[in-house]
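Coordinate analysis (summary)
Single-letter residue listing:
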Amino acid sequence: MDKIIEQIMVFVSRYEELQEMMSDPEVINDTKRYMEITKEEASLREIVAKFKRYQEVTEAIADNEELIKDDSDAEITELAKAELSELSDEKKELEEKLTILMLPKDPNDDKNIIMEIRGAAGGDEASLFAKNLFHMYQKYAESQKWTIELIDEVETEVGGYKQVAFMINGENVFSKLKYENGAHRVQRVPSTESQGRVHTSTSTVAVMPEYDEVEIDIEAKDIRTDVYRASGAGGQHINKTSSAVRLTHLPTGIVVAMQDQRSQQQNREKAMKILKARIYDYYESQNQEAYDAERKSAVGTGDRSERIRTYNFPQNRVTDHRIGLSLNKLDRIMNGDLGEIIDALIVYDQTEKLEQLQND
């Protein structure tokens, strides 16, 4: 704990420095700098508050130990012993919280995300499940007071999604939804199944952090832009103008096509958002593979071919295979009640990181 306290003291000094800067008129008048400073100050606030309480508890423990050692007044000694027990429990709890708060942060945790869901194995049933997953995340986002912006959707004839892409904006979106990356398997009786047999299908989910302009360094020469006329399902409703846009990132071969917006400019902006996220996701995946070659990630590699969860409708059960968690409330989960699964994944990940930290 001594080593962690030394690190926290550095943060406390920085926090005090940031608070002074926030009252500096020169900083206040520089909107961009002020926003950066307030964001950094907010990121340290919980650590500093918990540490100040830790110092108060530690001091109170020392005071009570002195009273117990003195033992001149039996009543005061008993009160001191009772308070010492409570304070010792609180100190232990604070040490655990501070240790977790000092774990290395994922720099993307506070970012908004772009999520893509695709029907995979299972044909029509996979596309219907992809739409079910979209509604599940939509309802979870509503419960978190996040907002969703639909970017692109390709529907199937049965009313499912071949693919759907959307943005989720809000506080700490990536930190909670990053564990959703992977293949989601569904087991249920399709509505078209006359014999009542259970079918197995899969849909894949990709979760990519949204990057700010300042973070992105994509060369214009590396992007090829093609424009063409947008068309509806089956080639109907063909536009008279070339409003659809296809962007190709030449170094990686990543392609994004967009035609849902009214103008070429709008389609270009939406396509660029997805392209940037996919490019960074591509390079981050390569970095993750290199990391996983040395040490396996706590909750899987995030590979979209990796089956992470099974949704069993006949038994009303959801199982997350990475942490061995099974919950018999699939109906509630499909209605957006994802909190228990996400909290369990976060705790599991933190526990693994703590063990790694102690073993290093």
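Here, every reference points to the structure presented above.
Now for a quick tour of the structure. (Residues numbered from 1 in each chain as written. Predicted model: local features only at pLDDT ≥ 70, side-chain atom pairs only at ≥ 80, totals over all residues. Heavy atoms only, no water.)

A few points about the side chain of Asn 112
- Relative to the elements of secondary structure, Asn 112 occurs in the loop between α4 (74-101) and β1 (113-119).
- A distance of 3.1 Å separates a polar atom in the side chain of Asn 112 from a polar atom in the side chain of Asn 169. (Helix = DSSP H or I, 4+ residues; strand = E, 2+ residues; numbered from the N terminus. Polar contact = N/O pair within 3.5 Å; in protein donor to acceptor, adjacent residues only side chain to side chain.)

Topic: the nonpolar core
- Formed by 33 residues in total, the largest nonpolar core has its most connected members in Met 115, Ile 117, Tyr 137 and Leu 177.
- Those elements giving two or more residues to this core turn out to be β1, α5 (124-143), β3 (161-169), α6 (173-177), β5 (199-209), α8 (330-333) and α9 (339-359).
- In terms of residues, this core owes the most to one element, α5, which gives 8 residues.
- If you look at the next biggest cluster of nonpolar residues, it comprises 23 residues, including Ile 8, Ile 37, Phe 51 and Val 57. (Core = buried A, V, L, I, M, F, W, Y, C linked by side-chain atoms within 4.5 Å. Buried < 20%, exposed > 50% of the residue type's maximum accessible area, 1.4 Å probe, protein only.)

Brief notes about the side chain of Arg 322
- Inspection of the secondary structure assignment puts Arg 322 in the loop between β10 (317-320) and β11 (325-327).
- A polar contact is formed between the side chain of Arg 322 and the backbone oxygen of Tyr 179, at a distance of 2.6 Å.
- Polar contacts involving the side chain of Arg 322 include one to the side chain of Asp 320, which spans 2.7 Å.

Some words on the sheet that holds β11
- Ordered in space as β2-β3-β1-β5-β4-β9-β10-β11, the 8 strands form an open sheet in which the pairing is mixed. Looking at strand neighbours, the two that pair on one side only are β2 (147-155) and β11, the edges of this open sheet. With strand direction ignored, the average angle separating the axes of adjacent strands in the sheet is 15 degrees. (Pairing = 2+ DSSP bridges. Axes fitted to C-alpha atoms, helices over the stretch in contact; angles between N-to-C directions.)

What to know about unusual backbone geometry
- Of note, Lys 145 is a non-glycine position whose phi angle comes to about 65 degrees, a positive value.
- Here Lys 145 lies in the loop between α5 and β2.
- Residue classification places Lys 145 among the exposed residues on the basis of a relative accessible area of 71%.

Comments concerning the layout of surface pockets
- Taken as a whole, the largest pocket holds about 1,400 Å³ of empty space.
- Contributing to the lining of the largest pocket are 37 residues, with Lys 105, Asp 109, Asp 110, Asn 172 and Ser 175 lying nearest its centre.
- At the level of elements, α3 (31-70), α4, α6 and α9 are the ones that each hand at least two residues to the lining of the largest pocket.
- Looking at the lining of the largest pocket, its residues break down into 13 nonpolar, 6 polar and 18 charged. (1 Å grid on protein atoms, 1.4 Å probe; cavity = no way out; pocket = protein on both sides within 12 Å on 5 of 7 lines; lining within 4 Å. Points joined across faces, edges and corners; volume = space filled by probe spheres on them. Nonpolar A, V, L, I, M, F, W, Y, C, P; charged D, E, K, R; others polar.)

The analysis is restricted to geometry; functional conclusions fall outside its scope.
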